[in-house]
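Each chain, written out:
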Amino acid sequence: MYRSAFFLAFFCSASICDETPSNVTETKDNQNSITSGLQPGDKTFAFHVQDVTGPRAGKTLCYACAFGKHSVINIQTKKLDAELLAFIKQLDPLVVPAGKIRGDSQHAFVVYLTEDPDAAQRELAAVAKKLDLKNIPLTMFDDFAGPKPYKLSQSAETTVMMWDENKVMFNYAFASGGMDKDDVGVVLATAKKHLSGK
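These figures come from a predicted structure and were not determined experimentally.

**Some points on the packing of aromatic side chains**
Across all of its chains, the model carries 8 aromatic pairs by this definition. For the pair Y63 and F67, a centre-to-centre distance of 5.2 Å together with 20° between the ring planes defines the contact as stacked. Residue classification places Y63 among the buried positions, given a relative accessible area of 1%. An aromatic cluster of at least three residues, connected via ring pairs, comprises F45, F47, Y63, F67, F109, Y150 and W163.

**Considering the pairing of strand 5 (residues 138–141)**
Of the two faces of strand 5, the one carrying L138 and M140 and the one carrying T139 and F141 are both buried. Sheet topology places strand 1 (residues 49–51) next to strand 5; 2 bridges connect them, and they run antiparallel. The residue bridging Q50 from the neighbouring strand is M140, located in strand 5. In this sheet, strand 5 lies alongside strand 4 (residues 106–113) in parallel orientation, the contact comprising 4 bridges. In the sheet register, V110 faces strand 5, and the bridge partner there is L138. Read from strand 4 through helix 4 (residues 117–131) to strand 5, the crossover connection turns out right-handed.

Criteria and thresholds
Residues numbered from 1 in each chain as written. Predicted model: local features only at pLDDT ≥ 70, side-chain atom pairs only at ≥ 80, totals over all residues. Heavy atoms only, no water. Phe/Tyr/Trp six-rings, centres within 6.5 Å; stacked < 30°, edge-to-face > 60°. Buried < 20%, exposed > 50% of the residue type's maximum accessible area, 1.4 Å probe, protein only. Helix = DSSP H or I, 4+ residues; strand = E, 2+ residues; numbered from the N terminus. Pairing = 2+ DSSP bridges. Right-handed = clockwise from strand over helix to strand, strands pointing away.

So, in structure tokens, the structure goes:
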């Protein structure tokens, strides 16, 4: 029997969220990219967010813990621009709803980095409705710097990390101006590869 997301959200063992990241083994080589966030080979950490549109809306929880060792795509961003929303919209049908964790399920969640939680909550609710999201929960973190162990660059507008078995496999980061259409295609192709396990 699999534990529910609601149970795991509040209990994160060392086996689920490691405490010490390993050395960087791979980075994206792209003129529009910067180094931000955990890099391929690093282990993930527990961090809490406020769920805005997911199954625990209004509550604080750890989705990184809840999704355990599943294949996960985590988007941390300071701005919800059009290209990022296009990526989220196309990613949504590729993953399983956050509240339906099972042995082989793949998941994604968005973390909106903000210093104005009230405005962020309204914006996220509007985005979820506009995109008609079914599976990806939109959450917020009350600090532009993001969760400290994730080492987000101050220059990064958006950081996308993909992990499996709590180990980061792919990382894409974008400075001010965010993703462009070509970036969306590249990151989406990697996301499909990651989620397929190939």
